[in-house]
Amino acid sequence: MVGHTRRNWQIALGVLALVVLSIPAFAQEPAATETAAGGGLDIIEMFRGMGPTAWGVAIVLLIMSFLSVGVAIERIYTFSQARKQSKMYAPQVAKHLKDGRLKEAIALSSSKDYRYSHLAKVVLAGLQEYQFQQETGHNLNRDDVLDTVRRSIQRATALTASDLKKGVSTLATIGSTAPFVGLLGTVVGVINAFVGIASTGSGGIGAVSAGISEALVETALGLFVAIPAVWFYNYLTSRLEYFNVEMDNSSSELVDYFIKKTA
């Protein structure tokens, strides 16, 4: 798991580095336009003209961007493996249970081949609890055994759902706060523009250009970070809802199996 996470972070950093390096090529105007107008839009020059406070805000936004992309890639990989492994696991465990092979079903559920499967984790908890009650010979009636199994399945479902949600709340936080962090940089840029006016005594474009460029760059960075984070969050949330439905259905089917088995 650590190896997958490290590889995903490396991919995220590489993608973002390519995006950042490609910005100047798209931001600059053609050479003919520069000659006619006396200059063009250059993101690199804007960054060079930014003050320490604006640079601090930009660095915070870039860190937030790296974090959101890394979390998204890791969660997408985990969800993909969970869906793939659960799809292979379900028919096999159903066959074992249909044939009454409880130990084989437990061994299959605890196999490393299905360590990402959310269905395997939930079913394993119910099977182990039922086997424990049968082997220990506690003086529990049928309803008490079923209630014990049902509670065990509910606990496993809650823990599995919590595990699947890891990092998703981070995307929500980044998506909601990144525009405000960018707005902070925008305010700093506007303040610098007014400082330029005060220091020169003139409201010409030369006096305010540095501050306005800072403000625009920070606003763009805030949106650049927030929009993908919100997209990733909405996508992962929809997948989580689907997984929760699957776990609830599997839990219900397993309880029905034990009801029939103990009838």
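One can find the structure itself at the top, above this paragraph.
Numbers given to residues run from 1 along each chain, matching the order in which its sequence is written. Per-residue local features are limited, in this predicted model, to residues with pLDDT of at least 70; the limit for side-chain atom pairs, both in listing and counting, is 80 or more; totals at the level of whole chains, interfaces and linings are taken over all residues. In computing side-chain properties, one takes all heavy atoms of the structure into account and sets aside hydrogens as well as water.

Caption draft 1: Quick peek at the packing of aromatic side chains. Aromatic rings from Phe, Tyr and Trp, with only the six-membered ring used for Trp, were paired whenever their centres fell within 6.5 Å, and each pair was classed as stacked if the ring planes differed by under 30 degrees, edge-to-face if by over 60, and tilted otherwise. Scanning the model with the defined rule gives 6 aromatic pairs in all. Aromatic pair F79 and F243: ring centres 5.3 Å apart, planes at 90°, arrangement edge-to-face. Residue F79 is found in helix α4 (residues 52–98), and its partner F243 is found in helix α9 (residues 205–261); the two are separated by 164 residues along the sequence. Burial classification: accessible surface area is computed with a 1.4 Å probe over protein chains only, and a residue below 20% of its type maximum counts as buried, one above 50% as exposed, and the rest as partly exposed. Taking the relative accessible area as the measure of exposure, F79 reaches 4% and is therefore buried. A relative accessible area of 0% places F243 in the buried class. Helical segments are the DSSP runs of H or I of at least four residues, strand segments are the runs of E of at least two, and each set is numbered from the N terminus.

Caption draft 2: Molecular detail of helix α7 (residues 142–164). Here, expected helix span is obtained from the residue count minus one, scaled by 1.5 Å. Taking 1.5 Å per residue as the helical rise, α7 with its 23 residues ought to reach 33 Å, and the 33 Å between its terminal C-alpha atoms agrees with that figure. Of all the residues in α7, the buried ones are V145, L146, T148, V149, S152, I153, A156, T157, T160, A161 and L164. Where α7 begins, the capping side chain belongs to N141, and its oxygen is found 3.2 Å from the backbone nitrogen of D143. Side-chain atoms alone can form a polar contact between residues adjacent in sequence; in general such a contact is a pair of N or O atoms within 3.5 Å, and within protein one must be able to donate a hydrogen while the other accepts it.

Caption draft 3: How the structure looks around a nonpolar patch on the surface. Together, F180, L183, V187, I191 and V195 make up an exposed nonpolar region whose accessible area comes to about 480 Å². Owing to a relative accessible area of 45%, L183 belongs among the partly exposed residues under this scheme. Excluding any residue in a salt bridge, patches collect residues exceeding 30% relative accessible area, merging like charges within 9 Å and nonpolar Val, Leu, Ile, Met, Phe, Trp and Tyr side chains within 5 Å. Residue burial considers only the protein chains on display, and all accessible areas are found by Shrake-Rupley using a 1.4 Å probe. Every case where a carboxyl oxygen of Asp or Glu lies within 4 Å of a side-chain nitrogen of Lys or Arg is listed as a salt bridge.

Caption draft 4: Highlighting the environment of G56. Following the sequence through the fold, G56 ends up in helix α4. A relative accessible area of 32% places G56 in the partly exposed class. Taking the C-alpha atoms as reference points, G56 and G185, separated by 129 residues in sequence, lie 8.8 Å from one another.

Caption draft 5: How the structure looks around helix α6 (residues 118–136). Helix length check: α6, at 19 residues, gives a terminal C-alpha distance of 28 Å against a target of 27 Å (1.5 Å per residue), a fit within 8%. Between the side-chain oxygen at the start of α6 and the backbone nitrogen of L119 there is a gap of 3.4 Å, and the oxygen is on S117.

Caption draft 6: Here's a closer look at the side chain of T148. Relative to the assigned elements, T148 resides in helix α7. In this analysis, two residues are considered to be in contact whenever any of their non-hydrogen atoms come within 4.5 Å of each other. If sequence neighbours within four positions are ignored, T148 has contacts with E129 and Q133.

Caption draft 7: The arrangement of the pattern of salt bridges in detail. Scanning the entire structure with this criterion turns up 6 salt bridges. The shortest N-O distance in the salt bridge between D99 and R101 comes to 2.9 Å. By relative accessible area, D99 is classed as partly exposed at 44%. Close ionic contact of R142 with D143 constitutes a salt bridge, the shortest N to O distance being 3.9 Å. The structure contains a network of salt bridges with shared partners spanning K121, D163 and K166.

Caption draft 8: Geometry of the nonpolar core. Ranked by size, the top nonpolar core spans 34 residues in total, and within it Y89, V93, L97, L127, L254 and F258 carry the most contacts. Residue assignment for this core shows that the elements contributing at least two residues are α4, α5 (102–109), α6, α7, α8 (168–200) and α9. Element by element, the count of residues in this core is highest for α9, at 8 residues. Each residue touching L97, except ones within four places of it in the same chain, is listed here: L102, A105, L127, L254 and Y257. We define the nonpolar core as a collection of buried residues of types Ala, Val, Leu, Ile, Met, Phe, Trp, Tyr and Cys that are connected through side-chain atoms lying within 4.5 Å of one another. Listed in part, the 12 residues of the second largest apolar core include L61, V225, A226 and A229.

Caption draft 9: Examining the environment of F224 more closely. Checked against the element boundaries, F224 lands in helix α9. With a relative accessible area of 34%, F224 lands in the partly exposed category. On a C-alpha basis, the gap between F224 and L62 in space is 9.5 Å, while along the polypeptide they are 162 residues apart.

Caption draft 10: Looking closely at the environment of A158. With respect to the helices and strands, A158 occurs in helix α7. Spatially, the C-alpha atom of A158 lies 9.8 Å from that of M247, the residues being 89 residues apart in sequence.

Caption draft 11: Seen up close, the packing of α4 against α5. Orientation of α4 relative to α5, taken along the N-to-C sense of each, is 160°, at an axis distance of 8 Å. Regarding the angle of α4 to α5, the classification is roughly antiparallel. Handedness of the α4/α5 crossing: left-handed. Taking contact as the criterion, the partners of Y89, Q92, V93, H96 and L97 in α4 are, on α5, L102, E104, A105, L108 and S109. Note that Gly is not counted as nonpolar here; it falls among the polar residues with everything else outside the nonpolar set of Ala, Val, Leu, Ile, Met, Phe, Trp, Tyr, Cys and Pro and the charged set of Asp, Glu, Lys and Arg. By residue class, the composition of the contact of α4 with α5 is 6 nonpolar, 3 polar and 1 charged. Whenever a helix is involved, its axis is fitted only over the stretch in contact; in every case the axis is a line through C-alpha atoms, and angles between N-to-C directions fall within 0 to 180 degrees. Roughly parallel means an angle under 35 degrees; roughly antiparallel means over 145; roughly perpendicular covers 65 to 115; every other angle is labelled oblique. Crossings are sorted by hand: turned counterclockwise from the far helix by less than a right angle, the near helix makes the crossing left-handed, and turned clockwise it makes it right-handed.

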